[in-house]
Amino acid sequence: MIARVTTVAFQGIEAVPVDVQVMVAPGKVGMQIVGLADKAVIESRERVQAALHASGLSMPAKRVTVNLAPADLPKEGSHYDLPIALGLMTALGAIPHDALAGYVVLGELALDGATAPVAGALPAAIGANALGKGLICPHAVGAEAAWAGADIDILAPRSLIAIANHFRGVQVLSRPEPATHAAAGNLPDLADIKGQESARRALEVAAAGGHNLMMVGPPGAGKSMLAQRLPSILPKLSPRELLEVSMIASLAGEIAGGRLSDRRPFRAPHHSATMAALVGGGARVRPGEASLAHRGVLFLDELPEFSPQVLDSLRQPLESGECAIARANGRVTYPARFQLVAAMNPCRCGMAGEPGFRCARGPRCEADYRARISGPMLDRIDLSIDVPSVSAADLIGPARAEPSATVAARVARARAVQAERYEARGLDRVTTNALCPAAMIEEIAAPDAGGAALLREASDRLALSARAYHRVLRVSRTLADLDGSDTVKRIHLAEAISWRMAGERRAQAA
């Protein structure tokens, strides 16, 4: 007799259907798993046998063959335990033969028959819905899977016995409810920042338009403090963005207790991170920090301390909004539409340009340090600002800076204008000026006569690349949105160019 159970294999954030075929037939006693399974899947043989024994079912004195079809698709992970066990129980008659036909199954098993959480419950639920089926998953990830839709039939048993009793009519498993994290009320506030008015302004502009930002300043100037307060002025995730972000987090196993959060991701990897850690990869091709920061912020502190090859691996995701990881046995793509925020010291000593400081190596120290960042990488930075040391007067002064809530309100108004503009043009996937296509930004950010002359002169003097030219237009359009202006004026272009000039000077010095 052959029993069939549907499960999934993950390729990026896509859930590919896998047919688990279990056959019990006369022959040498044992259990074999075939179908290009990795070590974790092969080891499920021992977990399934122990779980069945703990649940009161003995393995038959026959040959058990488990085939995972299609056989040429790599199968990875421990989530094949539950579909194999339920297929075997169906073949043994412990579960009605047609009970599992309308479900996709995934989950890991403990030796006592309890279900254990696995990564990817949310993408699996979405994949099951696309197939017109329900989902059976461990109880620990049931709340996560419930976010896929209210009309999906989801069963989240705590054990093998619970699911068997449900299908035999002895007990009824209720559908899990989607859960959310409580709103974060303890985010770092911009009011904690003393001084640094120009940096606060740049942070607001970067948040309003989704622009990439680099801060250069000596140690202790507050660069990391500023970056950590960026999430407090960013708007919450929209329902569609929440689903995209949560699918990636689900595959990475980073959704605690099945609870989703509408706060934008903020990822800050250490500068020792490898290329696979940053853009994704590894033996099982997991999403990297760039993908985990999707629709949020990727903060790279001490930027020149990252390996130059690792930094340059971000150039393609910054342009395309996705990480394409190619391997000999396949190609996996993860979304990576993130906002890059970087911080660095002006030189290895950290104090270049500070009054009263003189480096023993002279200007070469600064040039060598900045040369670790490639020109094409710097070309993708929209705003580049100097963050000087904070004076004692700023630290002692009693005046309290503007809080995050006030700044966040202005950012939300500017983003609402942008979303409405691009939706009216049929670009509902574009929500900020930073994502606007080059051809369209020339139309919506067309400057007045004075601004056009300034832009032409600046382009010639700074030798702006085509990418830099369009990024200046995007920043100027964001400045106009913050001012509530329908047109981009000379003052907006002047401010955008001034931030670009700081980056161009550093590139020339390097």
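Our structure is the block above this text.
Since we're looking at a predicted model, the values are computed, not measured. (Residues numbered from 1 in each chain as written. Predicted model: local features only at pLDDT ≥ 70, side-chain atom pairs only at ≥ 80, totals over all residues. Heavy atoms only, no water.)

Which parts of the structure should I look at to understand the overall build of the protein chain?
Helix and strand content of the protein chain: 21 helices and 18 strands. The dimensions of the protein chain, computed from C-alpha atoms along their principal axes, are 85 × 50 × 45 Å. Sorting the 510 residues of the protein chain into buried and exposed places 52% on the buried side. Here the protein chain displays about 21,900 Å² of accessible surface, and carbon together with sulfur accounts for 54% of that area. The distance from the centre of the 55 positive side-chain charges to the centre of the 51 negative ones in the protein chain is 3 Å. (Helix = DSSP H or I, 4+ residues; strand = E, 2+ residues; numbered from the N terminus. Buried < 20%, exposed > 50% of the residue type's maximum accessible area, 1.4 Å probe, protein only. Areas by Shrake-Rupley, 256 points an atom, 1.4 Å probe, with all protein chains shown as cover. Lys, Arg positive; Asp, Glu negative; His and termini not counted. Charge placed at Lys NZ, Arg CZ, Asp CG, Glu CD.)

What is the right way to look at the packing of helix H2 (residues 44–54) against helix H3 (residues 81–92) in this model?
Helices that pack against each other are described as a pair by the angle of their axes relative to one another and the distance between those axes. Following both chains from N to C, one finds H2 and H3 inclined at 50°, their axes separated by 10 Å at the closest point. On the basis of the axis angle, H2 is oblique to H3. Read as a crossing pair, H2 and H3 show a hand that is right-handed. Contacts between H2 and H3 involve Ser44, Arg47, Val48 and Leu52 from the first element and Asp81, Ile84, Ala85, Leu88 and Met89 from the second. Of the residues in the contact of H2 with H3, the class split is six nonpolar, one polar and two charged. (Axes fitted to C-alpha atoms, helices over the stretch in contact; angles between N-to-C directions. Parallel < 35°, antiparallel > 145°, perpendicular 65-115°, else oblique. Left-handed = near helix turned anticlockwise from the far one by under 90°. Contact = heavy atoms within 4.5 Å. Nonpolar A, V, L, I, M, F, W, Y, C, P; charged D, E, K, R; others polar.)

Sorry if this is basic, but what is going on with the nonpolar core here?
Nonpolar side chains in soluble globular proteins generally cluster together in the buried interior. In this structure, Leu213, Met215, Leu230, Ile233, Val341, Ile385 and Trp499 are the most contacted members of the largest nonpolar core, which totals 52 residues. Sequence-distant contacts of Ile233, that is, excluding residues within four places in its chain, are made with Leu190, Leu203, Glu204, Ala207, Ser404, Val407, Ala408 and Val411. (Core = buried A, V, L, I, M, F, W, Y, C linked by side-chain atoms within 4.5 Å.)

Could you clarify how one ought to interpret the pairing of strand E11 (residues 213–216) in this entry?
In E11, alternate side chains face the same way, and those of Leu213 and Met215 on one face and Met214 and Val216 on the other are all buried. As paired strands, E11 and strand E17 (residues 339–344) are joined by four bridges and run parallel to one another. By the bridge assignment, Met214 is partnered in E17 with Ala342. Sheet topology note: the E11/strand E18 (residues 383–386) ladder contains four bridges and is parallel. Opposite Met214, over in E18, you have Ser384 as the bridge partner. (Pairing = 2+ DSSP bridges.)

Would you take a moment to explain the environment of Pro74 for this structure?
Relative to the helices and strands, Pro74 resides in the loop between strand E4 (63–69) and H3. For Pro74, a relative accessible area of 30% puts it in the partly exposed group. Between the C-alpha atoms of Pro74 and Leu234, which are 160 residues apart in sequence, the distance is 40 Å. Filtering out sequence-adjacent residues up to four positions away, Pro74 remains in contact with Ala9, Leu36 and Asn329.

Sorry, what's going on with helix H7 (residues 197–209) here?
Here H7 contains 13 residues, and its C-alpha end-to-end distance of 19 Å stays within 8% of the 18 Å for a straight helix at 1.5 Å per residue. Among all positions in H7, only Ala199, Arg200, Ala202, Leu203, Glu204, Val205, Ala206, Ala207, Ala208 and Gly209 are buried. Backbone geometry just downstream of H7 places Gly210 in the positive-phi region, at approximately 70°. (Expected span 1.5 Å × (residues − 1).)

Any chance you could explain the packing of aromatic side chains here in plain terms?
Within a pair of aromatic rings, the relevant descriptors are the distance that separates the centres and the angle that separates the planes. Going through the model one piece at a time under the given rule, you end up with two aromatic pairs. Ring centres of Tyr103 and Phe167 lie 5.9 Å apart, and the angle between their planes is 70°; on these two criteria the pair is classed as edge-to-face. Of the two residues, Tyr103 is situated in strand E5 (residues 103–105) and Phe167 in helix H6 (residues 160–168); the sequence distance between them amounts to 64 residues. For Phe167, a relative accessible area of 17% gives the class buried. Aromatic pair Phe266 and Phe299: ring centres 6.0 Å apart, planes at 25°, arrangement stacked. (Phe/Tyr/Trp six-rings, centres within 6.5 Å; stacked < 30°, edge-to-face > 60°.)

Please clarify how unusual backbone geometry should be interpreted in this entry.
Excluding glycine, a negative phi dihedral is what most residues carry, and trans is how most peptide bonds are arranged. A cis geometry characterises the amide bond from Ala69 onward to Pro70, with omega recorded as 5°. Along the chain, Pro70 falls in the loop between E4 and H3. A positive phi angle, near 55°, is found at Gln196, a position not held by glycine. Relative to the assigned elements, Gln196 resides in the loop between strand E10 (179–180) and H7.

Whenever I open this one, the side chain of Asp81 confuses me. Can you help?
With respect to the helices and strands, the residue Asp81 is situated in helix H3. The exposure class assigned to Asp81 is buried, which follows from its relative accessible area of 0%. When neighbours within four sequence positions are excluded, Asp81 is seen to be in contact with Ser44, Arg47, Val48, Gly107, Glu108 and Leu109.

Just checking my understanding: could you explain the pattern of salt bridges for this structure?
For side chains bearing opposite charge, pairing can occur when the charged atoms are close. All chains considered together, the criterion is met by 27 salt bridges. For Arg315, the salt bridge is made with Asp312, and the minimal N-O distance between the two is 3.5 Å. When its relative accessible area of 27% is taken as the criterion, Arg315 is described as partly exposed. Relative accessible area serves as the criterion here: at 28%, Asp312 is assigned to the partly exposed category. In this structure, a network of salt bridges that share partners links the residues Glu319, Asp379, Arg380, Asp382, Arg467, Arg471 and Arg500. (Salt bridge = Lys/Arg side-chain N within 4 Å of Asp/Glu carboxyl O.)

How do you make sense of the sheet that holds strand E14 (residues 297–300) when you look at a structure like this?
Sheet strands pair via backbone hydrogen bonds, and the direction of the pair is either parallel or antiparallel. In spatial order, the strands read E13-E14-E17-E11-E18; together these five strands make up an open sheet with parallel pairing. Strands with a single pairing partner mark the edges of an open sheet, and in this sheet they are strand E13 (266–267) and E18. In terms of strand pairing, E13 meets E14 through two bridges, oriented parallel. If you follow Arg267 over to E14, its bridge partner there is Leu298.

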